[in-house]
Amino acid sequence: MNLFFNTDATSLSPVALFIQADWIVKIVMLGLLLASIWTWAIIIGFLMRLGKIRKGVKRFERDFWKAEDIDAFYRIEGENPLPTARVFSAGVKEWRRSTVGGTIDRDGTRERLATAMGAAVAGEIDELSDGLNVLATVGSVAPFVGLFGTVWGIMHSFTEIAAKQNSSLAAVGPGIAEALFATAIGLFAAIPAVIAYNRFSHGINRIEARLNRFADGFHATLSRQLEAEGTR
């Protein structure tokens, strides 16, 4: 703890490296620190959200396939905010619109059902993916921003060498350490962002595949019902 708050630059204390840095490098460090905090807020939010969705989707599908009356199940779960429930709701609404008349176009109804549920799946995935672009941006840009701070800090150190006409390591070492600290902060922000982006992208892809499987299964159920309606 004393090392962290030590204001002597030779101690490699983060606080000292920040305080002794050039003002432009300080701006870079602060920006990267804010990006890191934003990244971790998104990571924690995504972890909680995806975990809740996985459990909810599993429960919804279990209850749906056990249900004997789709209309009764819709009255209970039709307003559920889960992605699977919204896909289910889109299918039921399109089914009701397509079968409200006396004559039913079976091929057209099947096509409209597939389109409606496919659009619902795409909408849910777009909503789930909101925030991943921030992780991708931080993961790709933060190292270069940190590198900019490092380059600027080293240039500042060289100008100090020229001004003081002293090129000893004791004179230039702290300035170079402060500059390199900017790159370290950039990597500290970028590495979790890249790992989280890849992990969450995989998780969202799995949810999308599950939604598509549910939509296909529900489409098959409605298609069988459509065949039954046509034989009456």
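Since we're looking at a predicted model, the values are computed, not measured.

**Observations concerning the nonpolar core**
Grouped together as the largest cluster of nonpolar side chains are 49 residues, with contacts concentrated most on Phe60, Val87, Phe88, Leu135 and Phe200. Element by element, the count of residues in this core is highest for helix 8 (residues 169-230), at 16 residues. The residues touching Phe200, leaving out its near neighbours within four places in the chain, are Ile43, Phe46, Leu47, Leu50, Leu132 and Leu135.

**Some points on the UniProt feature "transmembrane region" (unreviewed entry) in the protein chain**
The feature "transmembrane region" (unreviewed entry), as given by UniProt, occupies residues 23-48, 134-155 and 175-197 in the numbering adopted here. The span residues 23-48 is 100% helical and 0% strand by assignment, and the distance between its end C-alpha atoms comes to 38 Å. In this annotation, residues 134-155 is assigned 100% helix and 0% strand; the end-to-end C-alpha distance for the span is 31 Å.

**Considerations on helix 5 (residues 83-98)**
Each full turn of the α-helix corresponds to 3.6 residues, which orients residues three or four apart in the same direction. Between the first and last C-alpha of helix 5 there are 23 Å, a value that for 16 residues agrees with the 22 Å anticipated at 1.5 Å per step. Taking burial as the measure, the 16 residues of helix 5 include twelve buried ones, the bulk of the element. Buried within helix 5 are the following residues: Pro83, Thr84, Ala85, Val87, Phe88, Ser89, Ala90, Gly91, Val92, Glu94, Trp95 and Ser98.

The rules behind these values
Residues numbered from 1 in each chain as written. Predicted model: local features only at pLDDT ≥ 70, side-chain atom pairs only at ≥ 80, totals over all residues. Heavy atoms only, no water. Core = buried A, V, L, I, M, F, W, Y, C linked by side-chain atoms within 4.5 Å. Buried < 20%, exposed > 50% of the residue type's maximum accessible area, 1.4 Å probe, protein only. Helix = DSSP H or I, 4+ residues; strand = E, 2+ residues; numbered from the N terminus. Contact = heavy atoms within 4.5 Å. UniProt positions renumbered as here; feature names shortened; annotations may be inferred. Expected span 1.5 Å × (residues − 1).

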